[in-house]
Amino acid sequence: HTAFMKAVASEPALARALHRSYILRVSSDTDSFEFQVSEHLRLSGVYWGACALHLLGELQSLDAAQVVSFVRSCQRGCGGFGGNLGHDAHMLYTLSAVQVLALFGALHTVDAGRVMRYVASLQRPDGSFAGDEWGEVDTRFSYCALCCASLLGKLGDIDVAAAVRYVRACENFDGGYGCEPGGESHAGQVFTCVGALAIGGELGSVRSEELAWWLCERQTPGGGLNGRPQKDADVCYSWWVLSAMCLLRRDGWIDGEALRRFILSCQDEEDGGIADKPGDLPDVFHTFFGIAGLSLLGTDGVPPIDAAHAMPASVMEQLRAEQAAAASEGRPSPPPEFLTFVESAFTSRAEYDRWAAEMEAGREEAEGDRT
């Protein structure tokens, strides 16, 4: 480890200021092509950018009130969140919403029980979770459900045992996991499944040795990691692979120095941001996962990140302390008031009125279910 840290000191460093400027620039350039084509997943983009800034110690660069207002305005009457204003609710964006609110210490601004009713409604009899009302099933959604429940302190609102059984059914002969039983092993799915099992308290069920071998074989001669055999390295797998290895306590099985060099070689040293591969254009997705990979490596002054929840460790510590205090006092959280038109992210009064009516109808339906 000492030799590794000495080598780190003599090589290019993380371009922190440039990455901060890049994230802020792409977040505000609403006329860019990238901004327009990412409309459907805006909420996840907010998570990637905000979490990256938090790891850089620059979260205060964002307007917290504006971000929280946008996230809350993406909630639908069913309790879930869409990827943007007016978009249908989906499990992926519901997790992103919960993560962003946790980053800003604003989970109290949403009704956690209502969010979890949406999440629980998507669990199937076999323990799996659909992504939305249309029924696509994928282990990504199992992870999202468990992570949401954990962050909200409401794991008891879903059938964790059934969720875990389904995830375990997706394990393959090589120790890896697919998107469904029998699906091809893929590093992205491995993270979701190992993360889900860790949150569900069943990490011990993983065949750690076999899986760790499969994961460490994802490292390419250039130092980067790929998602499957015979594929090119990609910065995002610095997270998908290494987070799973950290949870399995096998992160020493890869060449961390070589991985760090690969991540830094993907930086845009003129305009900031991190790309998938050296020489490609950067984007917020890879910028976040590159920085998160450095966090897992413990280099470049990036603070620790929770490998199961993909959240800064400091945020998780604060969240758990608040949840423990609330539990010890036995105080129920009052449901928050809806956003007013002025507080919301809507620019049209008609759009806001439709949203508010849907939210009120959803609340009345939820209250009817409780009675």
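What you see as residue numbers is a count from 1 along each chain, following the sequence as written. Where local features are concerned, this predicted model is filtered to residues with pLDDT of at least 70; where side-chain atom pairs are given and counted, the filter is 80 or more; whole-chain, interface and lining totals use all residues. Think of the side-chain values as coming from all heavy atoms in the structure, minus any hydrogens and water.

**As for the overall build of the chain**
Helix and strand counts for the chain stand at 16 helices and 2 strands. We compute the radius of gyration over the C-alpha atoms and compare it with the globule rule, which gives 2.2 Å times the number of residues raised to the power 0.38. Taking 371 residues into account, the globule formula puts the C-alpha radius of gyration at 21 Å, and the chain, at 20 Å, falls close to it. In terms of overall dimensions, the chain has a C-alpha envelope of 60 × 45 × 40 Å along the principal axes. Exposed residues in this analysis have more than 50% of their type's maximum accessible area, buried residues have under 20%, and partly exposed residues fall in between, with area computed by a 1.4 Å probe over protein chains only. Residue burial in the chain is summarised as follows: out of 371 residues, 55% are buried. The contact rule is simple, with two residues in contact once any of their heavy atoms fall within 4.5 Å. Residue pairs in contact within the chain that sit at least 24 positions apart in sequence constitute 67% of those at least 6 positions apart. Total accessible area on the chain stands at roughly 16,300 Å², and carbon and sulfur atoms take up 52% of it. Charged side chains of the chain number 29 positive and 51 negative; the gap between the two group centres comes to 3 Å. Every helix listed is a DSSP run of H or I at least four residues long, and every strand listed is a run of E at least two residues long, numbered separately from the N terminus. We get accessible surface area from the Shrake-Rupley algorithm with a probe of 1.4 Å; when it comes to residues, only the shown protein chains can shield them. The convention is simple: Lys and Arg are positive, Asp and Glu are negative, and His and the chain ends are not counted. Taken as the charge location is NZ of Lys, CZ of Arg, CG of Asp or CD of Glu.

**Quick notes on the packing of helix 4 (residues 42–55) against helix 6 (residues 91–103)**
Where helix 4 contacts helix 6, the axes come no closer than 9 Å and their chain directions differ by 30 degrees. The hand of the helix 4/helix 6 crossing is left-handed. Contacts from Leu-43, Ser-44, Val-46, Tyr-47, Ala-50, Cys-51 and His-54 in helix 4 reach Leu-92, Tyr-93, Ser-96, Ala-97, Gln-99, Val-100 and Leu-103 in helix 6. Residue type decides the class: Asp, Glu, Lys and Arg count as charged, Ala, Val, Leu, Ile, Met, Phe, Trp, Tyr, Cys and Pro as nonpolar, and the leftover types, Gly among them, as polar. Taken together, the residues of the contact of helix 4 with helix 6 sort by class into 10 nonpolar, 4 polar and no charged. Axis definition: a line fit to C-alpha positions, over the contact stretch in the case of helices; interaxial angles, taken between N-to-C directions, run 0 to 180 degrees. Each helix crossing is assigned a hand: it is left-handed if the near helix lies turned anticlockwise from the far helix by less than a right angle, otherwise right-handed if that turn is clockwise.

**So, the state of the cysteines**
Note on terminology: pairs of cysteine sulfur atoms within 2.5 Å are recorded as disulfides. Summed over all chains, the structure comprises 0 disulfides. Unpaired in this structure, Cys-51 has its nearest cysteine sulfur neighbour in Cys-147, at a distance of 11 Å. Owing to a relative accessible area of 0%, Cys-51 belongs among the buried residues under this scheme. No disulfide involves Cys-193; its sulfur sits 5.6 Å from that of Cys-170, the nearest cysteine.

**With respect to the layout of surface pockets**
Empty space left among the atoms is revealed by rolling a probe the size of a water molecule over them. The way it works is a 1 Å grid over only the protein atoms, where trapped points that fit a 1.4 Å probe form a cavity and open points with protein on both sides within 12 Å along at least five of seven lines form a pocket, and then any residue with an atom within 4 Å of a point lines it. Grid points are joined across faces, edges and corners, and a volume is the space filled by probe spheres set on the points. Approximately 870 Å³ is the volume attributed to the second largest pocket. Contributing to the lining of the second largest pocket are 30 residues, with Leu-107, His-108, Leu-152, Gln-323 and Ser-333 lying nearest its centre. At the level of elements, helix 6, helix 7 (112–121) and helix 15 (313–329) are the ones that each hand at least two residues to the lining of the second largest pocket. Here the element with the most residues in the lining of the second largest pocket is helix 15; it accounts for 9 residues. In the lining of the second largest pocket, the residues fall into 18 nonpolar, 8 polar and 4 charged.

**Examining the environment of Lys-277**
When you line up the elements, Lys-277 lands in the loop between helix 13 (256–265) and helix 14 (284–297). For Lys-277 and Arg-16, which are 261 residues apart along the polypeptide, the C-alpha to C-alpha distance reads 19 Å. In contact with Lys-277, not counting residues within four places along its chain, are Asp-232, Ala-233, Asp-234 and Cys-266. Polar contacts, as counted here, are pairs of nitrogen or oxygen atoms within 3.5 Å of one another; within protein the pair requires one atom able to donate a hydrogen and one able to accept it, and residues that are adjacent in sequence qualify only if both atoms are side-chain atoms. Within the structure, Lys-277 has its side chain in polar contact with the side chain of Asp-276 (distance 3.3 Å).

**What to know about the packing of aromatic side chains**
Between rings of Phe, Tyr and Trp, where Trp is taken as its six-membered ring, a pair exists when centres lie within 6.5 Å; planes separated by under 30 degrees are stacked, by over 60 edge-to-face, and by other angles tilted. According to the stated counting rule, one finds 15 aromatic pairs in the structure shown. Note on Phe-338 and Trp-355: the rings are 6.5 Å apart at their centroids and 65 degrees apart in plane angle, and the pair reads as edge-to-face. Taken together, the residues span a long stretch of sequence, with Phe-338 in the loop between helix 15 and helix 16 (349–370) and Trp-355 in helix 16 at a distance of 17 residues. On the accessibility criterion, Trp-355 (7% relative accessible area) is buried. Every member of this aromatic cluster is reached through a ring pair, and the members are Tyr-47, Trp-48, Tyr-143, Phe-191, Trp-239, Trp-240, Phe-285, Phe-288 and Phe-289. Over a ring means this: the NZ of a Lys or the CZ of an Arg is within 6 Å of the ring centre and within 35 degrees of the ring normal. The residue whose ring lies beneath Arg-218 is Trp-214, and the NZ or CZ to ring-centre distance is 4.6 Å.

**Concerning helix 6**
Residues separated by three or four positions in an α-helix point in the same direction, a consequence of the helix having 3.6 residues per turn. Each residue after the first adds 1.5 Å to the expected span of a helix. If you check helix 6, its first and last C-alpha atoms are 19 Å apart, about what 13 residues at 1.5 Å a residue would give, namely 18 Å. With 12 of 13 residues buried, helix 6 lies mostly within the body of the structure. Of all the positions in helix 6, only Met-91, Tyr-93, Thr-94, Leu-95, Ser-96, Ala-97, Val-98, Gln-99, Val-100, Leu-101, Ala-102 and Leu-103 are classed as buried. Buried-residue contacts for helix 6 involve helix 4, helix 5 (64–73), helix 7, helix 8 (139–151), strand 2 (311–312) and helix 15. Positive phi appears at Gly-105, one or two residues downstream of helix 6, with a value of about 65 degrees.

**Section: the pattern of salt bridges**
Salt bridge, as used here, is a side-chain nitrogen of Lys or Arg placed within 4 Å of a carboxyl oxygen of Asp or Glu. Throughout the structure, instances matching the rule amount to 13 salt bridges. For the salt bridge of Glu-58 with Arg-20, the shortest nitrogen-to-oxygen distance reads 3.2 Å. Within this pair, whereas Glu-58 is found in the loop between helix 4 and helix 5, its partner Arg-20 is found in helix 2 (residues 16–28), the two being separated by 38 residues in sequence. Across the pair Asp-353 and Arg-349 runs a salt bridge whose closest N-O atoms are separated by 3.2 Å. A residue pair is termed a helical-turn pair when its members lie 3 or 4 positions apart in one helix, as Asp-353 and Arg-349 do in helix 16 at 4 residues. What makes Asp-353 partly exposed here is its relative accessible area of 37%. Sharing partners across several salt bridges, the network here consists of Glu-136, Asp-138 and Arg-140.

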